[in-house]
Amino acid sequence: LDKFGRRAYRRTLTAAERSELLDEFRAGLASGASFTQSMAMLVDHLLQMPQFLYVAEGAAGAGRALSGDELATRLSFMLTDSIPDDALLAAAPGLTAPAALATEAARLLASPNANTALARFFREWTGTTQVAAADKDPTAFPFFTPALAQSMNESFDRFVVDQVRGQGTV
């Protein structure tokens, strides 16, 4: 529960959250559900919580520094379009130091998981939309097939990733 909850909420569970989830599990057992069914109920409950569905940060007055968990979440979603991995969650407490944040950012950017986010960023930045086969008149362009459209999209994405990874320019 602690490991899965930390991954799902992108931070350590509070005592109240942990208790609520355990109560859900116990209620399942009390209603006659098996261990597996009760675990499924707990997971269903956890995956419907706002803490999982939304990136929620602590309340702020005028301004405050982000916590390590908040920085890890922002960094991971920005660079990999996904939740923080185990290494980033382990490094989260130290991410308030600029050098540690830069190290983790470089690690995430170097991973293959960053390719999709890089391609998406450049598509948004350049206003380049995905090409679809339905965009062309089939009588005027009979050679324009769904496979060609997919190939064109992949070509753009691979070009962008290659330029970024190869220190080129776009």
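Residues numbered from 1 in each chain as written. Predicted model: local features only at pLDDT ≥ 70, side-chain atom pairs only at ≥ 80, totals over all residues. Heavy atoms only, no water.

Peer 1: Please clarify how the nonpolar core should be interpreted in this entry.
Peer 2: As a rule of thumb, nonpolar side chains are buried together in soluble globular proteins. Of all hydrophobic cores here, the largest spans nine residues; its members are Leu71, Ala72, Leu75, Leu79, Leu88, Ala92, Leu95, Ala105 and Leu108. Breaking this core down by element, the ones donating at least two residues are helix H5 (68–80) and helix H7 (98–110). Here the element with the most residues in this core is H5; it accounts for four residues. Ignoring any residue separated from it by four or fewer positions in sequence, one finds Leu95 in contact with Gly68, Leu71, Ala72, Leu88, Ala100, Leu101 and Glu104. Core analysis: the next-biggest nonpolar cluster, separate from the first, contains eight residues, Ala8, Leu13, Leu42 and Leu46 among them. (Core = buried A, V, L, I, M, F, W, Y, C linked by side-chain atoms within 4.5 Å. Buried < 20%, exposed > 50% of the residue type's maximum accessible area, 1.4 Å probe, protein only. Helix = DSSP H or I, 4+ residues; strand = E, 2+ residues; numbered from the N terminus. Contact = heavy atoms within 4.5 Å.)

Peer 1: How should the packing of helix H2 (residues 15–30) against helix H3 (residues 35–47) be read in this particular structure?
Peer 2: A packed helix pair is summarised by two numbers, namely the angle formed by the two axes and the spacing between the axes. Put simply, H2 and H3 touch, their axes get as near as 8 Å, and they point 145 degrees apart. The handedness of the crossing between H2 and H3 comes out as right-handed. Contact residues: Glu20, Leu21, Leu22, Glu24, Phe25, Gly28 and Leu29 in H2; Phe35, Ser38, Met39, Met41, Leu42, His45 and Leu46 in H3. Residue composition of the contact of H2 with H3, grouped by class: nine nonpolar, three polar and two charged. (Axes fitted to C-alpha atoms, helices over the stretch in contact; angles between N-to-C directions. Left-handed = near helix turned anticlockwise from the far one by under 90°. Nonpolar A, V, L, I, M, F, W, Y, C, P; charged D, E, K, R; others polar.)

Peer 1: Honestly, the packing of aromatic side chains in this entry has me stumped. Any pointers?
Peer 2: Two aromatic rings, taken as a pair, are described by how far apart their centres are and by the angle between their planes. Using the criterion set out here, one finds five aromatic pairs in the structure. Ring centres of Phe121 and Phe122 lie 5.2 Å apart, and the angle between their planes is 85 degrees; this geometry places the pair in the edge-to-face category. Residue class for Phe121 comes out partly exposed when judged on its relative accessible area of 45%. Pairing Phe141 with Phe143 gives two aromatic rings, centres 6.1 Å apart and planes at 80 degrees, and the pair type is edge-to-face. With relative accessibility at 55%, the residue Phe143 sits in the exposed group. Here the aromatic cluster, defined as three or more aromatic residues joined through ring pairs, consists of Phe121, Phe122 and Trp125. (Phe/Tyr/Trp six-rings, centres within 6.5 Å; stacked < 30°, edge-to-face > 60°.)

Peer 1: Got a minute to help me understand the pattern of salt bridges in this structure?
Peer 2: A side chain with one charge may pair with a side chain of the opposite charge, provided their charged atoms come close. The tally for this structure, following the rule as stated, stands at ten salt bridges. Residues Asp23 and Arg26 are paired through a salt bridge, measuring 3.5 Å at the closest nitrogen-oxygen approach. Of this pair, Asp23 and Arg26 both sit in helix H2, three residues apart, roughly one helical turn. Looking at Arg26, the relative accessible area reads 48%, which means it is partly exposed. Across the salt bridge formed by Arg107 and Asp85, the nearest N and O atoms sit 3.0 Å from each other. Separated by 22 residues along the polypeptide, Arg107 in helix H7 and Asp85 in the loop between H5 and helix H6 (86–91) bring together distant segments of the chain. Relative accessible area serves as the criterion here: at 28%, Asp85 is assigned to the partly exposed category. (Salt bridge = Lys/Arg side-chain N within 4 Å of Asp/Glu carboxyl O.)

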